[in-house]
Amino acid sequence: MQQEVVLAMLAKEPSYGYQLRARLRDALGPLGDTMNAGQVYVTLTRLEKADLVAVERSADDADRSDRKVYALTPNGQQRVAEWIAEVSWPRPDLAEFHLKLIAAAAAGLADPLTIVDTQRRELLRRLRAAQRAAMAEPDRSDAALLLEGIVLRLQADLRWLEACEQRWTSRRRGS
Amino acid sequence: MSNAADVSVLRARGLRKQYGKGEGLVRAVDGVDLDIGAGETVAVMGPSGCGKSTLLHLLGGLDRPSGGEVSLHGRRIDDLGEKVLARMRRTAVGFVFQAFHLMEELTAIENVELSALLAGRSPRAARRRAEELLEQVGLADRARFLPSALSGGQRQRVAIARALSNEPLVVLADEPTGNLDSAATLDVLRLFERLHESGQTLVVVTHDARIAATADRMISMRDGAFVDETRLTGGTTGRLGALVGLED
């Protein structure tokens, strides 16, 4: 989990760690199930050391992180603002797959179409899982929107695989 | 599926369909073997022109093969006479097409009940069944609308209700989401999911990955033949985390 995500979840108001976890769970739905409970607290401790968050108050003088209310420091606020403004987008590694097909065909290591078929099976399994998760979400849930993003990306990848299939089929016919 | 022969709803052996001759010979379907078990949802995927629509037509008795066999519930249908075949199509198979193929001058409920009437049900039974089906596809309040007053997604749901009206052994769908936007596609997916849960046997040919992904089994078709087959059941959401950067 990226530190900035935890930081940004805290921007709304000073919060307990469990409140941050609840916000993440709502936003991620079934995708958040894999999140480790301790992750948020580990991240909060790191952020505290980096002077991006501070403990506003503790329930008693116990040193347990689950009893502390965390708040952004001025540095933390600035970091969140920068992160929100940043342009970043995860990239699927298409070049690697593309080069795998080229290398396999050139050296006769494997049939590129077999590689395409194998990849398609895997993507379809993921698409199935994402779609089922999306259909199980209540209307207008935040998590459903994220799942739709996954579905659309997988569809795009599958369309590209179709293009790969067509190209490699016609190459084979041509040779 | 090695022991599928005795439980197959739909079975094909060495199925072929050719058009033209000599230089212009097209092998649209070129030696297909297929077993569809009861309650199974199977998707056949492939680029346009791979022969998947022709295959579906052969499976449903809409077209005759150039060679090979098709059996529905253990009964050969490729060599049936035209009249018997037509009756079989009306009662045992439900078709869903990309372009809906509804009768434009009939209301939604009339479209649905027509196929029950043609199959010999009484008008009362046909009407009751049609009402029930429109309720199932979420269109009870649109029963008296003409197709032209319905959205694409609604029209396709009427067409699905029609396909179900004679409790067919198998529903054959040809590119059912091809004309639909994303939200309407999701409605059709949900509907197919419910059909699947109710035990309906379903074969879908499509190049829409979303609909293929709802199947138990996905078959890839190229140049008239099956080239790959995979079981899609058993996916987990855990792996999905990696796709959105939540896991490594």
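Residues numbered from 1 in each chain as written. Chains lettered and ligands numbered in written order. Predicted model: local features only at pLDDT ≥ 70, side-chain atom pairs only at ≥ 80, totals over all residues.

### Remarks on the overall build of chain A
What counts, and what does not: Under the DSSP-based scheme used, a helix requires at least four consecutive residues in state H or I and a strand at least two consecutive residues in state E, with every element numbered from the N terminus. As defined in this context, the radius of gyration uses C-alpha atoms, and a globule is described by 2.2 Å times the residue total to the power 0.38. Any residue with 12 or fewer other C-beta atoms within 10 Å of its own C-beta is exposed, any with 20 or more is buried, and the rest are partly exposed; the C-beta atoms used are placed from the backbone. Think of it this way: build a C-beta for each residue from its backbone, and any pair within 7 Å is a contact.
From N to C terminus, chain A includes 7 helices and 3 strands. In chain A, the succession of helices and strands from N to C terminus is α-β-α-α-β-β-α-α-α-α. For a compact globule of 175 residues, the expected C-alpha radius of gyration is about 16 Å, and chain A comes in at 22 Å, more than 25% above that figure. Here the C-alpha coordinates of chain A stretch approximately 75 × 35 × 30 Å along the principal axes. Here chain A, with 175 residues, has 25% of them falling under the buried criterion. Sequence-distant contacts in chain A: of pairs separated by 6 or more residues, those separated by 24 or more amount to 57%.

### Remarks on the sheet that holds strand S8 (residues 201-206) of chain B
All names here are of chain B. This is how it is decided: The pairing criterion for strands is at least two bridges between them, as found by DSSP. Inter-axis angles, ranging from 0 to 180 degrees, are taken between N-to-C directions of lines fitted to C-alpha atoms, where helices are fitted over the stretch in contact.
Spatially, the 6 strands line up as an open sheet ordered S6-S7-S8-S3-S9-S10, and their pairing is mixed. Pairing within the sheet leaves two strands with one partner each, and these edge strands are strand S6 (93-97) and strand S10 (225-231). Taking the axes of each pair of neighbouring strands and ignoring which way they run, one obtains an average angle of 15° across the sheet. As judged from the 5 bridges shared by strand S3 (residues 41-45) and S8, these two strands associate in the parallel manner. Residue pairing across strands places Val 44 opposite Val 205, the latter belonging to S8.

### Some details on the packing of helix H5 (residues 94-107) of chain A against helix H6 (residues 112-136) of chain A
All names here are of chain A. Test applied: We call Asp, Glu, Lys and Arg charged. Ala, Val, Leu, Ile, Met, Phe, Trp, Tyr, Cys and Pro are nonpolar, and the rest, Gly among them, are polar.
Direction vectors running N to C along H5 and H6 enclose 150°, while the axes themselves pass 9 Å from each other. Along the contact surface, H5 presents Phe 97, Lys 100, Leu 101, Ala 104 and Ala 105, while H6 presents Pro 112, Ile 115 and Gln 119. A class-by-class count of the residues in the contact of H5 with H6 yields 6 nonpolar, 1 polar and 1 charged.

### As for the pairing of strand S4 (residues 67-72) of chain B
Consecutive side chains along a regular strand alternate between the two faces of the sheet. All names here are of chain B. Looking at chain direction, strand S1 (residues 8-19) and S4 are connected through 5 bridges and run antiparallel. What sits directly across from Leu 10, in S4, is Leu 72. In this structure, S4 lies alongside strand S5 (residues 75-76), joined through 2 bridges in antiparallel fashion. Within the sheet, the bridge partner assigned to Leu 72 lies in S5 and is Arg 75. As consecutive antiparallel partners, S4 and S5 are separated by 2 residues, and within that stretch His 73 has a phi angle of approximately 50°, a positive value.

### Let's talk about the environment of A:Leu152
By the secondary structure assignment, A:Leu152 is in helix H7 (residues 142-174). Sequence separation between A:Leu152 and A:Gln2 is 150 residues, and the spatial gap between their C-alpha atoms is 23 Å.

### Side note on the sheet that holds S1(B)
The strand order across the open sheet formed by 4 strands is S2-S1-S4-S5 (chain B), and the pairing between neighbours is antiparallel. Edge positions in the sheet fall to strand S2 (26-37) and S5 of chain B, since each of these pairs with one other strand and no more.

### Details of the environment of B:Ile160
Residues and elements named next belong to chain B. Turning to its location among the elements, Ile 160 is positioned in helix H5 (residues 152-164). Under the C-beta neighbour-count criterion, Ile 160 is labelled buried, with 24 such atoms within 10 Å. Remark: the alpha-carbon pair of Ile 160 and Pro 176, spanning 16 residues in sequence, is separated by 9.2 Å. Discounting chain neighbours no more than four positions away, the residues touching Ile 160 are Val 96, Val 137 and Leu 191.

### Observations concerning unusual backbone geometry
Residue and element names in this part refer to chain B. Here Phe 100, not a glycine, exhibits a phi torsion of approximately 65°, which is positive. For Phe 100, the location among the structural elements is in the loop between S6 and helix H3 (108-118). C-beta crowding within 10 Å serves as the criterion here: with 21 such atoms nearby, Phe 100 is assigned to the buried category. Positive phi, normally seen in glycine, also occurs at Asp 223, with a value near 50°. Looking at the secondary structure, you find Asp 223 in the loop between strand S9 (217-222) and S10.

### Section: the nonpolar core
This is how it is decided: Buried Ala, Val, Leu, Ile, Met, Phe, Trp, Tyr and Cys residues whose C-beta atoms connect them within 7 Å together make up a nonpolar core.
The biggest cluster of nonpolar side chains holds 79 residues, and the ones touching the most others in it are A:Ala130, B:Ala43, B:Leu59, B:Leu134, B:Leu172, B:Val203 and B:Ala212. With 7 residues, the top contributor of residues to this core is H7(A). Setting aside anything within four residues of it in sequence, one finds B:Leu59 in contact with B:Leu10, B:Ala12, B:Val70, B:Leu172 and B:Val203. With 12 residues, the next largest nonpolar core counts A:Val6, A:Leu7, A:Leu20 and A:Leu72 among its residues.

### Things to note about the pairing of S3(B)
Residue and element names in this part refer to chain B. Along S3, 5 of the 5 residues are buried, which leaves the element largely enclosed by surrounding structure. On S3, burial covers both faces: Thr 41, Ala 43 and Met 45 on one face and Val 42 and Val 44 on the other are all buried. By the bridge criterion, 4 bridges tie S3 to S9 in an arrangement that is parallel. Across the sheet, Val 42 pairs through a bridge with Arg 217, a residue of S9.

### Some remarks on the environment of B:Arg142
All names here are of chain B. Mapping Arg 142 onto the fold places it in the loop between helix H4 (123-136) and H5. What makes Arg 142 buried here is the crowd of 20 C-beta atoms within 10 Å. Once the C-alpha coordinates of Arg 142 and Ser 8 are considered, the two residues, 134 residues apart in sequence, prove to be 37 Å apart. What Arg 142 contacts, discounting residues up to four positions off in sequence, is Ala 108, Leu 150 and Gln 154.

No statement about biological role is implied by the geometric values presented.
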